[in-house]
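Architecture at a glance
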Amino acid sequence: MAETLHTLSAAELGRRLTAGALTSRALCEALIARYDVLNEKVGAFTHLDRANVLAQADASDARRQAGQGRGPLEGIPVAIKDNIAVKGQPLTCSSKMLASLVSPYDSHVAERLRAAGAILYGRLNMDEFAMGSSTENSAVRKTFNPWDLTRIPGGSSGGSAAALAAGLVPLSLGSDTGGSIRQPASHCGVVGLKPTYGLVSRFGLVAFASSLDQIGPMARSVEDCELLLAALASADARDMTCFSSDERALTAAGEAKKLRIGIPKGFLGKGVAPEVAAAVNAAIEFYRAQGCAVSEVELPSADLAVPTYYVVATAEASSNLGRYDGVRYGHRSAQASTPVEMMTNSRSEGFGAEVKRRILLGTFVLSAGYADAYYNRALRARAKIRAEYLAALSQVDVLLTPTVPTPAFKVGEKAADPLQLYLEDIFTIPANLAGLPALSVPCGQSGHLPVGFHLVGAPLSEAKLLAAGRLFEAAHGFAHQQAAL
Amino acid sequence: MSSSSDWEVVIGLEVHVQLHTRAKVFASSSWGFGQEPNEQVDPVVLGLPGTLPVVNREAVEKSILFGLVVGAEIPAHCSWDRKNYFYPDNPKNYQLTQKDFPVVIGGSVEIELPGPSRNVMGEHKHVRIHHAHLEEDVGKLSHAGSGSLVDYNRAGVPLLEIVTEPDLRSSAEAEAFLRSLVAMLTQAGVADCDMEKGQLRCDCNVSIRHPGAPLGTRTETKNLNSISSVRDTVIFETARQVRELEAGRTITQETRGWNADLGRGYVLRDKEDAHDYRYFPDPDIPTLELSRATVERLAKQVPENLYDRQRRYMDTLGLPFTAASVLVANRELAEWFELSVAAHPANPQGIANLVANDLLRDLSAAVGSTTGFDEAAPAPVSLSSCPIKPAQLAGLVKLTDEGVISKQQAKEVFAEMFKSGQDAAAIVDAKGLRQNSDTGELEKIVQEVIADPAVAKSIAEYRAGNEKAINALKGPIMKRTQGKANPGLIDQLLRKALG
């Protein structure tokens, strides 16, 4: 049985653990064995402390034996993107800058996972400081798409998506600033949810763009994604942007077959690959056939989303990444004779090209004389986009689009053209700008490559998005899919 | 040398004061003086990746309290911005401050200028506050040998920056403003303002003009840490600017430093080198609502204004300026005084004299001397360990007023009270100090004394019209009563006996 454990959902693994048919140790040993065979090939993980994992598994098994199990995630491994702090584990953000950093504290989500009995399982590769859409910007290693090892897995949570698609772990955490959970989920044929801004605490998430960042669950099924979300989402006084306990009630899912689905005008046109459009149109027809009301909606400012995002996100990033100066922790240049020189050289040596590009861009858009033309204008555009999305979502329950316009591209294909790469996130960025929940669900293939569709809902409508996703996944064969490796 | 009398100096101050709070402004780490380097830090203070600021409500409330003390507007909301600059003492390489929506808007501070002499009250004036904003302090960088050391204990300490309008017109006004501000901050419990601990620092903007002319170009001298250095900076900078303009040169808008040892200012950087701080709203701290309920609750904590109290003491209680000004300078002392007056309302002045002179002297001696931001101010005394209770002091004054003991004896009794904490009456009885006011007995003694030929000459002189001659008769009477005779009564009986 051990050789098939990696194909099972977290829900099923939970049932077997509860029934006593499986131990967390056996599960973790099977996954570690698979990791030892496959991680070199896929490159999803940057770190796995086997002894620590097995110790956690034994503690979980002991709790269960003593009748002190902590719920549905008890004993189930959850792999974590390397920008989310876990006490005693590396927190490198796949950057040379933080290569030596071991976190002295737990993020809120790590505390929540421990409280749920989950096994905090390894560190996942990512684009450096979550900046990128292909995981090619990792300073640690490349991650490859398990469905085609010559292609990128998406990013920045490429490791999180690839680990699921390769059957290396049943659940993972990603973070999403402009699509970093949903785009790799789509490229790797898995499910990824970016929660409403404020639903999950950012305490312990290394900031890229604070007003856009959210931690979210990734899994091979909508059901598993929901299971993980339940563990993550809770009030936290250490993040002032996180909803308090009386602000966070989710809107009831209602009946999925009665959802009103809005199709943004023009989103399935130019730039969307025909196979992607076909798969997404098939999903729309599925919902229509189920009884959902499907209508077209207008989002006239949607074109502003990508430029707005690259101003707001880089502005915040230029400030957030200021703290990496080699003074207190992280890479410190050996070539310096004054403190200021040390800071300058440490940053020049520690950051990769894409991170530097975004710091420069963000510094520029905030500079005296330019802030009005760029940063302040972007804030106005952001408010407009949010208002249009909220207006549309007062007419329909969810907006349905492709997650990404095209399937996963070849490694290196777009490395020389960052602007082309930025368009990967054209459908996912608005949800971050507007703080809305969004879900990517696998819905077909383009050749041998997975394709996903994307649902966006009103704030706190996660239950509706997940219900819609479950309705689709129950009628199709994409749940639990894994690449053959 | 040209006269500067036709020049008017215009001064605006930015006062940075560390608030009296338990925790840091955006972190739960505590702070205080005298800890080993980097002991008062936590992941948030150190800016570790993934940490977030959380606004300390106590710091916001102290800021609001300051606003209420100076009669400012407390806006419905305030928010924080990031001020971005790189320096090793700045753990995040941005400082959280309030650029556009500060916690306190407007208000004014009443000041008192020195009078023509110590016991004559000087002119009063109001200095407008532009705003006050709540921000975080940075760490301290020091250089040791070939390396540099940084201590983050101070990083994240709550700093309230109080910005005045350019309302001050002399170094004396600047001094008076700072004295008044420090008194208000400490009396309201907003801040301790201890200079030795660096709890108060001041930036001083100076320009000169001919009266009535538009404002001249100003310079800003940064990081002054005492009242005397503010005064000296104003004097130095005024003279320098007068010299420049009268020599036909112009004033450059620049940031300056102050060398207190040399008594000279120097240029730090000119306008061309000004930092671009790339301010933007901090995305980690949502706009904070300042609820009216909180403002109303805090309004109840605002103590009586220093100068309102001084006017009340002078106008209603009839105290002289000297005693009133000493009492109101220390809220605890003033409140102690008022409790004492409540116990014996007939003689506030008598109580004030003992509190402002004897009690303050003995309490100060117990404290020893320390240097505050205001070096001229007496060491702050605490009444919490005062051995005398307000009602006990009132009892002492009452005994004097009733003629039970003399004023001279009262001093002796006071000293004993300060030593033992006993009631005045108990000490008077124990020492047998009670004055003899028995008219019959004293009349008999008076008759005996005036019958003594030794005093015949004095009696004759008195009868001849020399009023003072009567005093020579009082000594022998006091001697016979071991000093217990009521002096007023003796005087009365003597005059009667001598016709």
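Residues numbered from 1 in each chain as written. Chains lettered and ligands numbered in written order. Predicted model: local features only at pLDDT ≥ 70, side-chain atom pairs only at ≥ 80, totals over all residues. Heavy atoms only, no water.

Turning next to the overall build of chain B. Helices and strands together make up the secondary structure of chain B, namely 15 helices and 16 strands. In summary, chain B has a C-alpha radius of gyration of 30 Å against a globular reference of 23 Å for 499 residues, an excess of more than 25%. If you line up chain B on its principal axes, its C-alpha atoms span 95 × 55 × 50 Å. Taken over 499 residues, chain B has a buried fraction of 51%. Counting only contacts in chain B whose residues sit at least 6 apart along the sequence, the fraction spanning at least 24 positions is 69%. Of the roughly 22900 Å² that chain B leaves accessible, carbon and sulfur atoms contribute 51%. Placing the 54 positive and 67 negative side-chain charges of chain B at their respective mean positions leaves the two points 5 Å apart. (Helix = DSSP H or I, 4+ residues; strand = E, 2+ residues; numbered from the N terminus. Rg over C-alpha atoms; globule rule 2.2 N^0.38 Å. Buried < 20%, exposed > 50% of the residue type's maximum accessible area, 1.4 Å probe, protein only. Contact = heavy atoms within 4.5 Å. Areas by Shrake-Rupley, 256 points an atom, 1.4 Å probe, with all protein chains shown as cover. Lys, Arg positive; Asp, Glu negative; His and termini not counted. Charge placed at Lys NZ, Arg CZ, Asp CG, Glu CD.)

Further remarks concern the environment of Leu171 of chain A. Relative to the assigned elements, Leu171 of chain A resides in strand 4 (residues 171-176). Dropping the residues within four chain positions of it, Leu171 of chain A is found in contact with Ala10, Leu73, Ile76, Pro77, Val78, Ala79, Leu164, Met218, Ala219, Asp224 and Leu228 of chain A.

With that settled, consider the pattern of salt bridges. Here the structure, examined in full by the defined rule, presents 67 salt bridges over all chains. With a closest N to O distance of 3.5 Å, Glu254 of chain B and Arg240 of chain B form a salt bridge. Taken together, the residues span a long stretch of sequence, with Glu254 of chain B in strand 13 (residues 254-259) and Arg240 of chain B in helix 3 (residues 227-246) at a distance of 14 residues. What makes Glu254 of chain B buried here is its relative accessible area of 11%. Within the structure, one salt-bridge network assembled from shared partners comprises Arg202 and Asp239 of chain A together with Arg82, Asp282 and Asp284 of chain B. (Salt bridge = Lys/Arg side-chain N within 4 Å of Asp/Glu carboxyl O.)

This paragraph deals with unusual backbone geometry. With an omega of 5°, the peptide bond between Gly155 of chain A and Ser156 of chain A qualifies as cis. With respect to the helices and strands, the residue Ser156 of chain A is situated in the loop between strand 3 (119-124) and helix 5 (158-165). Not every positive phi belongs to a glycine, and Asn93 of chain B is a case in point at roughly 60°. Along the polypeptide, Asn93 of chain B turns up in the loop between strand 3 (81-84) and strand 4 (94-97). Residue class for Asn93 of chain B comes out buried when judged on its relative accessible area of 3%.

Turning our eyes to something else, we now look at the packing of helix 2 (residues 171-187) of chain B against helix 3 of chain B. Packed helices, taken two at a time, are described by the angle their axes make and the gap between the axes. Residue and element names in this part refer to chain B. One way to put it is that helix 2 packs onto helix 3 with a least axis distance of 9 Å and a crossing angle of 155°. It follows from the interaxial angle that helix 2 and helix 3 lie roughly antiparallel. The way helix 2 lies across helix 3 gives a crossing that is right-handed. Contact residues: helix 2 offers Ser171, Ala174, Glu175, Leu178 and Arg179, while helix 3 offers Ile227, Val230, Arg231, Val234 and Ile235. Partitioning the contact of helix 2 with helix 3 into residue classes produces six nonpolar, one polar and three charged. (Axes fitted to C-alpha atoms, helices over the stretch in contact; angles between N-to-C directions. Parallel < 35°, antiparallel > 145°, perpendicular 65-115°, else oblique. Left-handed = near helix turned anticlockwise from the far one by under 90°. Nonpolar A, V, L, I, M, F, W, Y, C, P; charged D, E, K, R; others polar.)

So, about the domain arrangement of chain B. Residue and element names in this part refer to chain B. Examined at the domain level, chain B breaks down into domain 1 (8-297), domain 2 (304-430) and domain 3 (439-498). Just the C-alpha atoms count here: the centres of domain 1 and domain 2 sit 35 Å apart. Each side of the interface is counted separately: domain 1 has 26 residues, and domain 2 has 18 residues. Summing the contributions of domain 1 and of domain 2, the shared interface buries around 1800 Å²; its carbon and sulfur component is 56%. Scanning the region where domain 1 abuts domain 2 turns up one salt bridge. Across the salt bridge formed by Glu110 and Arg311, the nearest N and O atoms sit 2.8 Å from each other. At the junction of domain 1 with domain 2, the criterion picks out five residue pairs in polar contact (both at pLDDT 80 or more). Breaking the side of domain 1 that touches domain 2 down by element, the ones donating at least two residues are strand 6 (108-112), helix 2 and helix 3. Among the elements that line the side of domain 1 that touches domain 2, the one with the most residues is helix 2, at seven residues. Considered class by class, the residues forming the side of domain 1 that touches domain 2 number 13 nonpolar, seven polar and six charged. (Domains from an automatic or database assignment. Buried area = accessible area lost by both parts, 1.4 Å probe. Polar contact = N/O pair within 3.5 Å; in protein donor to acceptor, adjacent residues only side chain to side chain.)

Let us now look at the sheet that holds strand 15 (residues 280-281) of chain B. Spatial ordering of the open sheet is given by 4-3-15 (chain B), a layout of three strands whose pairing is antiparallel. Edge positions in the open sheet fall to strand 4 and strand 15 of chain B, since each of these has one partner strand only. When strand 3 of chain B meets strand 15 of chain B, the two strands line up antiparallel, connected through two bridges. In the strand pairing of strand 15 of chain B, Asp81 of chain B is matched with Pro281 of chain B. Where helix 9 (residues 305-320) of chain A meets the sheet, it contacts strand 3, strand 4 and strand 15 of chain B, and its direction lies at approximately 60° from that of strand 3 of chain B. (Pairing = 2+ DSSP bridges.)

Moving on, we come to the interface of chain A and chain B. Across the contact, 38 residues belong to chain A and 35 residues belong to chain B. Across the chain A to chain B interface the summed buried area is about 2800 Å²; carbon plus sulfur atoms make up 64%. The largest share of the area that chain A buries against chain B comes from Met240, Arg323 and Arg328 of chain A, three residues that together contribute 25% of it. For the interface between chain A and chain B, the tally reads one salt bridge. The closest approach of N and O atoms between Arg202 of chain A and Asp284 of chain B, which form a salt bridge, is 3.0 Å. For the interface between chain A and chain B, the tally reads 19 residue pairs in polar contact (both at pLDDT 80 or more). Of all the elements in the fold, those that place two or more residues in the side of chain A that touches chain B are helix 9, helix 10 (339-350) and helix 11 (353-366) of chain A. Considering each element in turn, the side of chain A that touches chain B owes the most residues, five residues, to helix 9 of chain A.

All names here are of chain A. What the 11 strands build is an open sheet, ordered 1-3-2-4-6-5-10-11-9-7-8; its pairing is mixed. Among the strands making up the open sheet, the edge pair consists of strand 1 (45-47) and strand 8 (293-297). Each neighbouring strand pair of the sheet contributes to a mean axis angle of 35°, computed without reference to strand direction. Direction of pairing for strand 4 relative to strand 6 (residues 214-219): antiparallel, over a ladder of six bridges. Looking at the pairing, Leu173 lines up with Pro217 of strand 6. Relative to the sheet, helix 5 contacts strand 1, strand 2 (77-81), strand 3, strand 4 and strand 6, its axis offset from that of strand 4 by approximately 155°. Along the sheet face, helix 8 (residues 274-290) touches strand 7 (260-264), strand 8, strand 9 (398-402), strand 10 (438-446) and strand 11 (449-457) and points at about 50° away from the line of strand 11.

Let us look at a nonpolar patch on the surface. Residue and element names in this part refer to chain A. There is a patch of nonpolar side chains on the surface, built from Phe364, Tyr370 and Tyr374 and spanning about 280 Å² of accessible area. Inspection of the secondary structure assignment puts Phe364 in helix 11. Judged by its relative accessible area of 33%, Phe364 falls in the partly exposed class. (Patch = residues over 30% accessible without salt bridge, like charges linked within 9 Å, V, L, I, M, F, W, Y side chains within 5 Å.)

It is worth spelling out the environment of Gln35 of chain B at this point. Residue and element names in this part refer to chain B. Structurally, the position occupied by Gln35 is in the loop between strand 1 (8-18) and helix 1 (57-69). Classification of Gln35 by relative accessible area gives partly exposed; the value is 39%. It is 7.9 Å that separates the C-alpha atoms of Gln35 and Asn153, two residues lying 118 residues apart in sequence. Those residues in contact with Gln35 that sit more than four places away from it in its chain are Gln40 and Asn153.

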